[in-house]
Amino acid sequence: MKWLLLAILIAGLPAAAAHSGTFLDDFCDGNLDDWSVQFSLDFPDSVKIENRYLVMDTTAGKRARTVSAEIKIENEQNWDSYTLTCRVRFSSELIWEDPQFSITVQGRNGQFDLMTGQILSVLPIVQLLLVDTIPPDVKPDQDNMINIIRRANFGPERLRRRIKLDRWLPIKIVVDRDYLEFHFDDRLVTEYEDETALPGTVEFSAAQGMLVHVDDVVVTGPRIPNIGDPRNVDLKSHLATTWGEIKNSPRR
């Protein structure tokens, strides 16, 4: 019955959606062919697919480290306008006091070969959301520090509800050239314009002793290639959540 519901949702989307492309990865195929993964050579299994989810694990070992998974793209200039939806779950298996999970949009190498873009960071222990811009012309100062632009400091008093561990939470980010909009757990965190913004891809990263699951990554936009299944469909934001519920439901 639930599979029928999914089919009805897809079939009922407007015909105009065919003009947009969709990148979709629900990780059910068991591979990361469409991703560029970075991790410590000492911990080769820190980024993997397990139980049909993307798992990013930095809890092993005693030293702080960061792992990442970035969507592979050939023509990054085409990724100038898109909407990203996904859901994340932060595990209670934490070994550091300040674990952090981040999503970068418009990610690319800047003028000084540093990763630039717009970044949403989630710090679940201190109940904090941060949104930052690393402009494309950024360079380290004399102390090798990178100057960033803080767009939002979203504390616990502004959250829709507490960021609970071991619970799926929806994230939505809108990129419209120089306009950015960030949503977490169905609440608007911030929106702003950035005249320095350039096209770029999407990257997920985890750091500081965090174990996080990522699922139902959907990127839609007028110049986004059709990758994943179903194809040639501009998925509505609620479809990722519906598919997640179907995938997690007991099989009969």
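Reference entry: report on the structure contained in this document. What you are looking at is a predicted structure, and each value in this text was computed from that prediction instead of being measured. (Residues numbered from 1 in each chain as written. Predicted model: local features only at pLDDT ≥ 70, side-chain atom pairs only at ≥ 80, totals over all residues. Heavy atoms only, no water.)

**Observations regarding the layout of surface pockets**
Then, in step 1: Approximately 440 Å³ is the volume attributed to the largest pocket.
Then, in step 2: Listing elements by their share of the lining of the largest pocket, those giving two or more residues are β5 (66-71), β7 (100-109), β8 (115-123) and β14 (201-207).
Then, in step 3: Per element, the largest residue contribution to the lining of the largest pocket is four residues, and it comes from β14.
Then, in step 4: Grouping the amino acids of the lining of the largest pocket by side-chain chemistry returns six nonpolar, nine polar and one charged. (1 Å grid on protein atoms, 1.4 Å probe; cavity = no way out; pocket = protein on both sides within 12 Å on 5 of 7 lines; lining within 4 Å. Points joined across faces, edges and corners; volume = space filled by probe spheres on them. Helix = DSSP H or I, 4+ residues; strand = E, 2+ residues; numbered from the N terminus. Nonpolar A, V, L, I, M, F, W, Y, C, P; charged D, E, K, R; others polar.)

**Digging into the packing of aromatic side chains**
Then, in step 1: For the coordinates displayed, the defined rule picks out eight aromatic pairs.
Then, in step 2: Measuring from ring centre to ring centre gives 6.1 Å for F182 and Y192, while their planes differ by 15 degrees; the resulting arrangement is stacked. Of this pair, F182 sits in strand β12 (residues 179-184) while Y192 sits in strand β13 (residues 187-193), and the two are 10 residues apart along the sequence.
Then, in step 3: Residue classification places F182 among the buried positions, given a relative accessible area of 0%.
Then, in step 4: Pairwise contacts between aromatic rings join F23, F27, W35, F90, F101 and F204 into one cluster.
Then, in step 5: The ring of W168 has R87 sitting right over it, with the charged end atom 4.1 Å from the ring centre.
Then, in step 6: Its end group placed over the ring of Y53, R89 keeps NZ or CZ at 5.3 Å from the ring centre. (Phe/Tyr/Trp six-rings, centres within 6.5 Å; stacked < 30°, edge-to-face > 60°. Buried < 20%, exposed > 50% of the residue type's maximum accessible area, 1.4 Å probe, protein only. Lys NZ or Arg CZ within 6 Å of the ring centre and 35° of its normal.)

**With respect to a negative patch on the surface**
Then, in step 1: Residues D176, D178, E193 and E195 make up a contiguous surface patch of negative charge.
Then, in step 2: Its place among the elements puts E195 in the loop between β13 and β14. (Patch = residues over 30% accessible without salt bridge, like charges linked within 9 Å, V, L, I, M, F, W, Y side chains within 5 Å. Areas by Shrake-Rupley, 256 points an atom, 1.4 Å probe, with all protein chains shown as cover. Salt bridge = Lys/Arg side-chain N within 4 Å of Asp/Glu carboxyl O. Lys, Arg positive; Asp, Glu negative; His and termini not counted. Charge placed at Lys NZ, Arg CZ, Asp CG, Glu CD.)

**Notes on the sheet that holds β8**
Picture the strands of a sheet paired through backbone hydrogen bonds; they go either parallel or antiparallel.
Then, in step 1: What the seven strands build is an open sheet, ordered β2-β5-β14-β7-β8-β9-β10; its pairing is antiparallel. A single partner strand is all that each edge strand has here, and the edge strands are β2 (35-38) and β10 (149-154). Neighbouring strand axes in the sheet, compared pairwise and without regard to direction, differ in orientation by 15 degrees on average.
Then, in step 2: Relative to β10, strand β9 (residues 128-134) is paired through five bridges, and the arrangement is antiparallel. Paired with L130 across the strands is N153, a residue of β10. (Pairing = 2+ DSSP bridges. Axes fitted to C-alpha atoms, helices over the stretch in contact; angles between N-to-C directions.)

**Here we look at the pattern of salt bridges**
Then, in step 1: Tallied over the entire structure, the rule returns 10 salt bridges.
Then, in step 2: A salt bridge links K48 to E50; the shortest N-O distance between them is 3.5 Å.
Then, in step 3: Between R160 and D185 there is a salt bridge, with its nearest N and O atoms 3.4 Å apart. Placement of R160 in the loop between β10 and β11 (168-176) and of D185 in the loop between β12 and β13 is noted, with a sequence separation of 25 residues between them.
Then, in step 4: R160 sits in the partly exposed class, given a relative accessible area of 46%.
Then, in step 5: Each of D80, R177 and R223 takes part in a single network of salt bridges with overlapping partners.

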